[in-house]
Amino acid sequence: MSAHSYEPGRVGLLLIDTMNDVFSEDGKAYPTYKEEFERIGTFENLKRLLAGAREQGFPVFFAPMSYTEADYTSWKHISGVHHEMFDNRLFVEGSWGAEFHPELSPQDGEIVITPHKNIDVLANTDLEVQLRQHNTEYIAVAGMVGTMCVESTARSCMEHGFHVTTFTDATAAVGGRDAYDAMILRYPFISHATLTVDEFLTATRAPAT
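Residues numbered from 1 in each chain as written. Predicted model: local features only at pLDDT ≥ 70, side-chain atom pairs only at ≥ 80, totals over all residues. Heavy atoms only, no water.

- The name recorded for the protein in an unreviewed UniProt entry is Isochorismatase family protein, from Streptomyces fagopyri.

## A look at the overall build of the protein
Working step 1: For the protein, the count of helices and strands is 10 helices and 6 strands.
Working step 2: Computed over its C-alpha atoms, the radius of gyration of the protein comes to 16 Å, within 12% of the 17 Å expected for a compact globule of 209 residues.
Working step 3: Principal axes of the C-alpha set define a box for the protein whose edges measure 50 × 35 × 30 Å.
Working step 4: Relative to its 209 residues, the protein shows a buried fraction of 52%.
Working step 5: Intrachain contacts of the protein at a sequence separation of at least 6 include 78% that bridge at least 24 residues.
Working step 6: Total accessible area computed for the protein in this model is approximately 9500 Å², and 51% of it derives from carbon and sulfur atoms.
Working step 7: For the protein, the separation between the mean place of its 15 positive charges and that of its 30 negative charges on side chains is 2 Å. (Helix = DSSP H or I, 4+ residues; strand = E, 2+ residues; numbered from the N terminus. Rg over C-alpha atoms; globule rule 2.2 N^0.38 Å. Buried < 20%, exposed > 50% of the residue type's maximum accessible area, 1.4 Å probe, protein only. Contact = heavy atoms within 4.5 Å. Areas by Shrake-Rupley, 256 points an atom, 1.4 Å probe, with all protein chains shown as cover. Lys, Arg positive; Asp, Glu negative; His and termini not counted. Charge placed at Lys NZ, Arg CZ, Asp CG, Glu CD.)

## So, the environment of valine 164
Working step 1: Of note, valine 164 is situated in strand S5 (residues 163-167).
Working step 2: On a C-alpha basis, the gap between valine 164 and alanine 98 in space is 26 Å, while along the polypeptide they are 66 residues apart.
Working step 3: Each residue touching valine 164, except ones within four places of it in the same chain, is listed here: Ile139, Val141, Ala154, Cys157, Met158, Ser191, His192 and Ala193.

## Concerning the nonpolar core
Across soluble globular proteins, you tend to see nonpolar side chains buried next to one another.
Working step 1: Membership of the largest hydrophobic core comes to 68 residues, with the highest contact counts inside it found for Leu15, Leu49, Ile139 and Phe200.
Working step 2: Ranked by residue count, the leading element in this core is helix H9 (residues 176-190), at 6 residues.
Working step 3: Leave out the neighbours within four places in its chain, and phenylalanine 200 touches Tyr6, Val11, Leu49, Phe58, Ala140, Thr165, Phe167 and Leu195. (Core = buried A, V, L, I, M, F, W, Y, C linked by side-chain atoms within 4.5 Å.)

## Focus on the environment of glycine 94
Working step 1: Structurally, the position occupied by glycine 94 is in the loop between helix H5 (80-87) and strand S3 (111-112).
Working step 2: What makes glycine 94 exposed here is its relative accessible area of 77%.
Working step 3: Along the primary structure glycine 94 and isoleucine 78 are separated by 16 residues, whereas in three dimensions their C-alpha atoms are 22 Å apart.

## Details of the pairing of S5
Working step 1: Most of S5 is tucked away: 5 of the 5 residues are buried.
Working step 2: Where strand S4 (residues 138-143) and S5 come together, 3 bridges link them in parallel fashion. The residue of S5 that forms the bridge with tyrosine 138 is histidine 163.
Working step 3: Judged from the 3 bridges that link them, S5 and strand S6 (residues 193-195) form a sheet pairing that is parallel. The partner of threonine 165 across the bridge, within S6, is alanine 193.
Working step 4: Regarding the hand of the β-α-β motif, the stretch spanning S5, H9 and S6 is right-handed. (Pairing = 2+ DSSP bridges. Right-handed = clockwise from strand over helix to strand, strands pointing away.)

Below you can see the structure in the form of structure tokens.
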């Protein structure tokens, strides 16, 4: 079986942090990514990826991020990425910013993972349990941020024996085009396939060989 072949009934889609704070124009983090979203077509590609997954009937897993006021004020060791989120009060639990964007939201029957507080979703939540319970061996990882949560989760899924697909056009990087280019060079080393949304949806429709 080639790296671009997918076993029917074993494919799933993981969407990370498709929240208002990132994808809505009034979101606190949206200005950081706006230019790259427009250059790459990230938002429209994510919508198309989600629609294609639903059409093909494989499970979709949504991984949100949120923090309580106690998190913001009581953590002992605060990393650089957490300084960004804590100082700007991103993903406040119960707030509009921590809600899913209306066009990238779960439907009935789709799985919402326990909110993650660090950048590796697999290491910090019930994601692995949910993947195993839903017979998912081939996991496609998309969403934000490509150089942090997406990359860390893809690495972790690969280390745990899942077949991992990353995307060139369903995420974006911190740091603009240079950071994106470097990220896309890394992805093939931590995943089994690095594809466009169209390539992935075509491959998952094709019979495994």
